[in-house]
Amino acid sequence: MGRPQKPIVTDNRALRGLAQWLRDQRRRAGLSYRDLAFRAGVHATTLQRTASASSVPTLSAVRAYARACDASPEDAKLLWKRARYEATRSARGGRASPAPSPGLVRDFADLSAGLRELYEKAGSPSLRTMEERGGEYGALPRSTAHRIVNRQAMPHNPAQFQAFLRACEVPDADRRAWEDAWSRAWRHHKQGETTDSLYTVHDNPRASDGYLTNLVPLTLSDAVTPVGLPRRVRQNSLYGVRAAAWDEAVEVRFAPPRTRNGPRLGQPAPSLPGARNAG
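Keep in mind it's a predicted model, so treat the numbers as computed, not measured.

A.B. asks: If you had to explain the overall build of the protein to someone new, which residues and values would you point to?
C.D. replies: Tallying secondary structure elements over the protein gives 10 helices and four strands in all. Counting only carbon and sulfur atoms, one obtains 49% of the accessible surface of the protein, whose full area is about 15200 Å².

Below, the structure is given as C-alpha cells:
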C-alpha cells in the first residue's frame, strides 16, 4: 500500500468527505497508488493530490479514481459537486443569502437567485459544458448561459429555461417545480407587480457608444423594459436602442451587466411601441 497519506486538513467539510471517501475506496480495493494509476490511466501524483483535500480536484480525476477502485463514479460526482459548491460559496465569503426553494419563488429576483444556486450546486460547469448539456444547437448559447448565471438575464422562453435545467443536471422529478416557478415569475412581471430598476440617464456623449454612464440606481430588479426614450432613437444590435442624441434625461428600466464605465447594453431588443428610427 506504500507510505501512509497525510491527514486531511481543510475547512471545507464536503471536500473532507470527498477525500475520505476516495481513500476508503482505495483501501477497500487494496490498491497502491502505482496500481491505481495503471488502472485509471492517470499519473499517481495526480491521484494522490485528488485525495489530499488540498483543493477541490477536477471532476475527471475524481471519476477516474473511483472507476479504478470499482466504486460508483456517480457517487463520486455527487460528493465532488458538494465540495465544489461549498468552495464556491466560501470564495464569496459566505455572505450570499440562501436562494428560495422553487415553491417560494415569486419574482425575477427570486428566480435569478435560484438559477444561480442551481448552477453552483451543479459544480459551476464551464460555459462550453452548459451549452453541450443544453441540447440541440442554439438551445442554450454560451453567452446566454453566462448572463443567466451572472444574474444579468433570464431565460426568455420555456425551451431555453428547460435547456438551462438540463445544463445544471436538475433531476426530472424536480423540473416541474422549477418550471412552475419560472411561469410564476414571468406572470408576476407581466402583471406589472415587479419593482424595476430605475436609472436616470443624463446627457453623455458616450451613450452613443452603447454605454449608459452617470447612472443613478434607485432600486434593483431584473426588468428589461425601457419606459422612457430620448427624442431621437435608433435601433442597434446591442440592446435595440442607442441614443443618436440625448436631449433630455431619460428613465430606463433594465438590469444590464456592470462594466468599468457603467452597464453595457447587451440584451435582445424588446418591442418598443412608438419608437421611431433616427434617420
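On we go from here.
A.B. asks: Account for the pattern of salt bridges, with residues named and values stated.
C.D. replies: All chains considered together, the criterion is met by 12 salt bridges. A salt bridge links D70 to R39; the nearest nitrogen and oxygen atoms lie 3.1 Å apart. Placement of the pair is D70 in the loop between helix 4 (59-68) and helix 5 (73-91) and R39 in helix 2 (residues 33-40), with a sequence separation of 31 residues. Relative accessible area serves as the criterion here: at 44%, R39 is assigned to the partly exposed category. E74 serves as the salt-bridge partner of R63, at 3.3 Å between the closest nitrogen and oxygen. Here R63 is found in helix 4, whereas its partner E74 is found in helix 5, with 11 residues between them in sequence.

A.B. asks: Which residues make up the nonpolar core, and what are the values?
C.D. replies: Counting 26 residues, the largest nonpolar core has L111, L115, M130, L140, F164, C168 and W178 as the members making the most contacts within it. Not counting residues up to four positions away in its chain, the partners in contact with F164 are L115, Y119, M130, L140, I148 and V149.

A.B. asks: Tell me about the packing of helix 2 against helix 4, residues and numbers included.
C.D. replies: At their nearest, the axes of helix 2 and helix 4 sit 9 Å apart, and the two run at 105° to each other. By the angle class used here, helix 2 and helix 4 are roughly perpendicular. Together, Y33, L36, R39 and A40 of helix 2 and A64, Y65 and A68 of helix 4 make up the contact between the two elements. When its residues are assigned to classes, the contact of helix 2 with helix 4 shows six nonpolar, no polar and one charged.

A.B. asks: Just give me the short version of the packing of aromatic side chains, but keep the residues and values in it.
C.D. replies: Enumeration over the complete set of coordinates arrives at four aromatic pairs. Between W182 and W186, the ring centres sit 6.0 Å apart and the planes meet at 55°, which makes this aromatic pair tilted. Here the residue W182 and the residue W186 both occupy positions in helix 10 (residues 172-190), the gap between them amounting to four residues, near one helical turn. Exposure class is identical for W182 and W186. Each is buried. Aromatic ring contacts, followed pair by pair, group F108, F161, W182 and W186 into a single cluster. Seen from the ring of Y85, K121 lies directly overhead, with NZ or CZ sitting 5.7 Å from the centre.

Reading guide: rules and limits
- Residues numbered from 1 in each chain as written.
- Predicted model: local features only at pLDDT ≥ 70, side-chain atom pairs only at ≥ 80, totals over all residues.
- Heavy atoms only, no water.
- Helix = DSSP H or I, 4+ residues; strand = E, 2+ residues; numbered from the N terminus.
- Areas by Shrake-Rupley, 256 points an atom, 1.4 Å probe, with all protein chains shown as cover.
- Salt bridge = Lys/Arg side-chain N within 4 Å of Asp/Glu carboxyl O.
- Buried < 20%, exposed > 50% of the residue type's maximum accessible area, 1.4 Å probe, protein only.
- Core = buried A, V, L, I, M, F, W, Y, C linked by side-chain atoms within 4.5 Å.
- Contact = heavy atoms within 4.5 Å.
- Axes fitted to C-alpha atoms, helices over the stretch in contact; angles between N-to-C directions.
- Parallel < 35°, antiparallel > 145°, perpendicular 65-115°, else oblique.
- Nonpolar A, V, L, I, M, F, W, Y, C, P; charged D, E, K, R; others polar.
- Phe/Tyr/Trp six-rings, centres within 6.5 Å; stacked < 30°, edge-to-face > 60°.
- Lys NZ or Arg CZ within 6 Å of the ring centre and 35° of its normal.

None of the figures reported here should be taken as evidence of function without further support.
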